[in-house]
Amino acid sequence: MPELQPYEIHAVRYAHNAAATRNENFLGGDPHDGPMPLDYFVWAIRGNARTIIVDTGFDPEMGRKRKRQFLRSPGEGLKCIGIDPSGIEDIIVSHMHYDHCGNYDLFPRARYHMQDTEMAYCTGRCMCHTTLRLPFEVEDVVAMVRKVFEGRVTFHDGDQEIAPGISVHKLGGHSKGLQVVRVWTRRGWTVLASDASHFYANMEQRRPFHLLHSVEDTLEGYRRLYELASDRANVLPGHDPLVLDRYPASAPGLEGISVRLDADPR
Ligand SMILES: [Zn+2]
Ligand SMILES: [Zn+2]
């Protein structure tokens, strides 16, 4: 892709769950139980005169309800790296779980990109089942339906280029219409897996996270993640605190707040 400049990718950390355990993080549990905390991120892709946000996170009220440690507003986190949320025009929603699609008033100018399947899933018959409904919040879903009626949602079905060097790919598995984002960076094709793999361990060990729609699609998704990336190390999991260790801060002083995922890992 010669005429295209590589994009930067930043992971902005906004919340934490210290109480999570290994037993909870793998389908079927883990014989060696122990703490295995989760971090919560929104991601920013910047370059070629555009900035695209991937997922919008939850707010303090949702943090209290779900017993997560809220660290900072995703909007404040983005401002730390020089991004004004009110000017953002494109947001990719990986899936509609509560920790990926809240804060819907933070981006007044944004158009939201999501998969047909995800909207059908979170408004359809599967939401009659408590187990499948658990990670969704009705107000998040209603807010997205309102955006559809405002003409602010672009639907995709499968693989789609969003801008040169940035594309979405439907994997399903964890949520029925989950999409991942492939980005051209200085180390080649890099993939934001979001919840297609919460931790490095899920995809590396082929052991799904316990919350899912389809085991088969989750496992096939791991294969697809590695296919889409130029290198296995270029697949970035959605909730793994390890990314903060492996990647440098976006700028001095932002350690633990924002890291550069397009940099070479340590
Ligand atoms: Zn999820
Ligand atoms: Zn998640």
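What counts as what
- Residues numbered from 1 in each chain as written.
- Chains lettered and ligands numbered in written order.
- Predicted model: local features only at pLDDT ≥ 70, side-chain atom pairs only at ≥ 80, totals over all residues.
- Heavy atoms only, no water.
- Donors = N, O, S within 2.8 Å, 3.2 Å for Na, K, Ca; no water.
- Tetrahedral: all angles 85-135°; square planar, octahedral: opposite > 155°, others 65-115°.
- Helix = DSSP H or I, 4+ residues; strand = E, 2+ residues; numbered from the N terminus.
- Buried < 20%, exposed > 50% of the residue type's maximum accessible area, 1.4 Å probe, protein only.
- Core = buried A, V, L, I, M, F, W, Y, C linked by side-chain atoms within 4.5 Å.
- Axes fitted to C-alpha atoms, helices over the stretch in contact; angles between N-to-C directions.
- Parallel < 35°, antiparallel > 145°, perpendicular 65-115°, else oblique.
- Left-handed = near helix turned anticlockwise from the far one by under 90°.
- Contact = heavy atoms within 4.5 Å.
- Nonpolar A, V, L, I, M, F, W, Y, C, P; charged D, E, K, R; others polar.
- Salt bridge = Lys/Arg side-chain N within 4 Å of Asp/Glu carboxyl O.
- Expected span 1.5 Å × (residues − 1).
- Arc of directions from axis to C-beta.

A. Region of the structure containing the coordination of the zinc ion (ligand 2). Ligation of the zinc ion (ligand 2) by protein atoms is provided by Asp99 (OD), His100 (NE2), Asp195 (OD) and His239 (NE2), these donors lying 2.1 to 2.2 Å from the ion. One can describe the site at the zinc ion (ligand 2) as irregular: its four donor atoms subtend angles covering 87 to 155° at the metal. Look at where the donors of the zinc ion (ligand 2) fall in the sequence and you get D-H-x94-D-x43-H. For the pair the zinc ion (ligand 2) and the zinc ion (ligand 1), the metal-to-metal distance amounts to 3.6 Å, and Asp195 bridges them. Highlighted residues: Asp195 in the loop between strand 11 (188–194) and helix 7 (200–204) and His239 in the loop between strand 12 (235–237) and helix 9 (242–246), separated in sequence by 44 residues. Comparing Asp195 with His239, the two get one shared label, buried.

B. Summary view of the nonpolar core. Grouped together as the largest cluster of nonpolar side chains are 41 residues, with contacts concentrated most on Leu78 and Met96. Elements with a contribution of two residues or more to this core: strand 1 (8–17), strand 2 (38–47), strand 6 (111–115), helix 4 (116–123) and helix 6 (138–149). The leading source of residues in this core is strand 2, at four residues. Formed by 37 residues, the second largest nonpolar core is a distinct cluster that contains Val54, Val168, Ala196 and Val243.

C. Seen up close, the packing of helix 4 against helix 6. It is at 11 Å that the axes of helix 4 and helix 6 come closest, and there the two elements cross at 130°. Classified by the interaxial angle, the pair formed by helix 4 and helix 6 is oblique. The chirality of how helix 4 crosses helix 6 is left-handed. For the pair formed by helix 4 and helix 6, the contact residues are Met119, Cys122 and Thr123 on the first element and Val141, Met144, Val145 and Val148 on the second. Looking at the contact of helix 4 with helix 6 residue by residue, the class counts come to six nonpolar, one polar and no charged.

D. Up close: the pattern of salt bridges. Evaluated as defined, the whole model comprises 15 salt bridges. The partner of Lys79 in a salt bridge is Glu76, and the shortest N-O contact between them spans 3.8 Å. With Lys79 and Glu76 both in helix 3 (residues 74–80) and three residues apart, this pair spans about one turn of that helix. Take Lys79: its relative accessible area is 48%, and that puts it in the partly exposed class. Residue Glu76 is classed as partly exposed on the basis of its relative accessible area of 44%. Between Arg224 and Glu227 there is a salt bridge, with the nearest N and O atoms lying 3.7 Å from each other. You can see Arg224 and its partner Glu227 sitting in helix 8 (residues 215–228), three residues apart, about one turn around the helix. Each of Asp159, Glu220, Arg223, Arg224 and Glu227 takes part in a single network of salt bridges with overlapping partners.

E. Summary view of helix 6. Spanning twelve residues, helix 6 covers 17 Å between terminal C-alpha atoms, matching the ideal 16 Å at 1.5 Å per step. Where helix 6 is concerned, the buried positions are Asp140, Val141, Ala143, Met144 and Lys147. For helix 6, the buried positions fall inside an angular range of 160° around the axis, keeping them on one side. Along helix 6, the residues that are exposed and aim more than 90 degrees away from the buried face are Val138, Glu139, Arg146 and Phe149. Looking one or two places after helix 6, you find Gly151, whose phi comes out positive at around 75°.

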